[in-house]
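# Coordinate inspection notes
Here is what each chain is made of, one letter per residue.
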Amino acid sequence: MLRPFLWHDTLYFIRQREQFVPLSMAIHVINAPMPLWLAWNEKTPWQKQKSFTYHWQQEQQQGFLQMLCRPQQAQADILYIAPPPTSEEEIRLLWPQKLSLISQKSSQRGLQRLFVAIPTGSAIVEAFLAAGFKRYGRNMIFRRMSALVGTKRLPAPWQMRPAYEIDRWQVEHFIAQTVPATVRAAENCADSTTALAPSTNNKGAAGQQLLFQGDTLHGFVSWQSGRLGTWMEFLLTPTANHLLGPLLGQVTRSLTISERKPIYVAVRHHQQELVAPLQQMGFTLLLEEDQMVKYLALPVRKEELATQAVLAGHPIIPANSTLWPGREALHARIKTVRQRERMASLRPEPNR
C-alpha cells in the first residue's frame, strides 16, 4: 500500500531517522532539510506544497520516499528513502514496483521529470534502473572545509559580473556549445536558466556569475548558499580553465562566505581538466554520484509552417516580438486578386 504522509506517521519517522539515505547531495550538504519537517509542511493549508512524501507498508515492513520540487519547474529531486533496500528481492522487485507507482502518482500531480543522484557503486542504482530511470551523467563532488584566503584576482581584460535576464540568450547559447547533448536533454537546460538574477530566501541564496573577456562569454559559475555550506558548479571554455582559482576566490569574497562553512564544487564527467586545479587548492574528493532521470511526460509541439497559414488565409501573429507593439498580423505579399480580397476580409476594421 502506498499513500501520502499522515499525521500518525510522525512516530515512525522519528524512529527511522538513522536510516535516512540522502539521494540529492546538492540539497543535503548545504541545508540538510529534516524529512519530518518537510512532511509536516505538506499538511499545512497556508503553505504551498513544495515536497511530496510517500509512505508504504507491506506486511511488517514500512518505509518512505521524499522528493522536493524545483522552483518554477515541473520537476522534482528525490531527497531521501528509508530504509534502503538490502536484499536482492528488494532491489529487483519491491523497490522498482514502489518507484513505478510513485512515478505514476507524481505524474498525476503535474510533475514531468524526476531526478536522483546516487553514490556510484551503490546497490540502490539497480533499483532505480529497474524502475525506468536512466543514467545521463556523473558528478565528482569536491569539498574544502574552509574558504579560500589570499587568492589572486582576475587579470585584465577578464571580468566577472552577476547574470541577469538580459543575458539569457547568451548563456543558453554558451550551454549549447559546451554541455553534452545528453546532459542538456535530461536537465532541460533551456529551463535551468530561468532564474538568472541572484535570489534570496529564508534558507540561503542562489545565483550565477558570468566570466567575460571583453564582450565574449567564456564561462559562468552557479552557486547556492545554505546554512551548512556553499555549492558551486563551473562551466568554462578551455581558454579559461586556468582562471579557476581566481574565480573561486572572487565568488567566495562576493558572497561573504563564512570561513567555518565548507565549500563544495561539483565536477561533471566531461570536466576532468578541473580536477587537478581543485586538488592543488586543497579540495578533496568527497564522493562520486550517478545522475539519473525519469521522464513522466514529454512536451508535444504542434508546428505549422508560415506558408501554410498564409495559403489557408490565416494571419501570422509574431510571438514575443518587440518590433510590433500593437501585435498586428504580418501578411505575406499577395499577388492574385482573390488572395487580396480574402486577406482583406480578415483585417480588423479601424476604430471610428
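Residues numbered from 1 in each chain as written. Predicted model: local features only at pLDDT ≥ 70, side-chain atom pairs only at ≥ 80, totals over all residues. Heavy atoms only, no water.

Now for the overall build of the chain. Helix and strand counts for the chain stand at 12 helices and 14 strands. When the 352 residues of the chain are sorted by exposure, 45% land in the buried category. Taking contacts inside the chain between residues at least 6 apart in sequence as the whole, the part at least 24 apart equals 70%. Summed over its atoms, the accessible surface of the chain is roughly 20,300 Å², and 53% of this surface lies on carbon and sulfur atoms. (Helix = DSSP H or I, 4+ residues; strand = E, 2+ residues; numbered from the N terminus. Buried < 20%, exposed > 50% of the residue type's maximum accessible area, 1.4 Å probe, protein only. Contact = heavy atoms within 4.5 Å. Areas by Shrake-Rupley, 256 points an atom, 1.4 Å probe, with all protein chains shown as cover.)

What follows concerns the confidence of the model for the chain. Per-residue confidence for the chain gives a mean pLDDT of 79, with 77% of residues at or over 70. This stretch, residues 197-203, has a pLDDT under 50; its non-local contacts, to residues over four places away or in other chains, come to 16 contacts. (pLDDT = per-residue confidence, 0-100.)

Cis peptide bonds are those with omega within 30 degrees of zero, and the linkage from alanine 82 to proline 83 qualifies with -15°. Here proline 83 is to be found in the loop between strand S5 (75-82) and helix H4 (88-108). Cis geometry is adopted by the peptide bond preceding proline 157, which originates at alanine 156 and carries an omega value of 5°. Here proline 157 is to be found in the loop between strand S7 (134-144) and strand S8 (158-162). One non-glycine residue with positive phi stands out, namely alanine 32, at about 45°.

Looking now at the side chain of serine 51. Along the chain, the position of serine 51 falls in strand S3 (residues 51-58). With a relative accessible area of 4%, serine 51 lands in the buried category. Engagement of the side chain of serine 51 in a polar contact is seen with the side chain of glutamate 42, the distance being 3.1 Å. When neighbours within four sequence positions are excluded, serine 51 is seen to be in contact with Leu38, Glu42, Met67 and Leu68. (Polar contact = N/O pair within 3.5 Å; in protein donor to acceptor, adjacent residues only side chain to side chain.)

With that out of the way, let us pick up the pairing of strand S4 (residues 61-69). With 8 bridges joining them, S3 and S4 adopt antiparallel strand pairing. Residue glutamine 57 lies in a different strand from S4, and its bridge partner there is glutamine 62. As defined by bridge partners, S4 adjoins S5 across 6 bridges and the pair is classed as antiparallel. Residue pairing in the sheet places methionine 67 in a bridge with isoleucine 78 of S5. Once S4 ends, the chain turns through 5 residues before running back antiparallel as S5, passing glutamine 72 with a positive phi of about 60°. (Pairing = 2+ DSSP bridges.)

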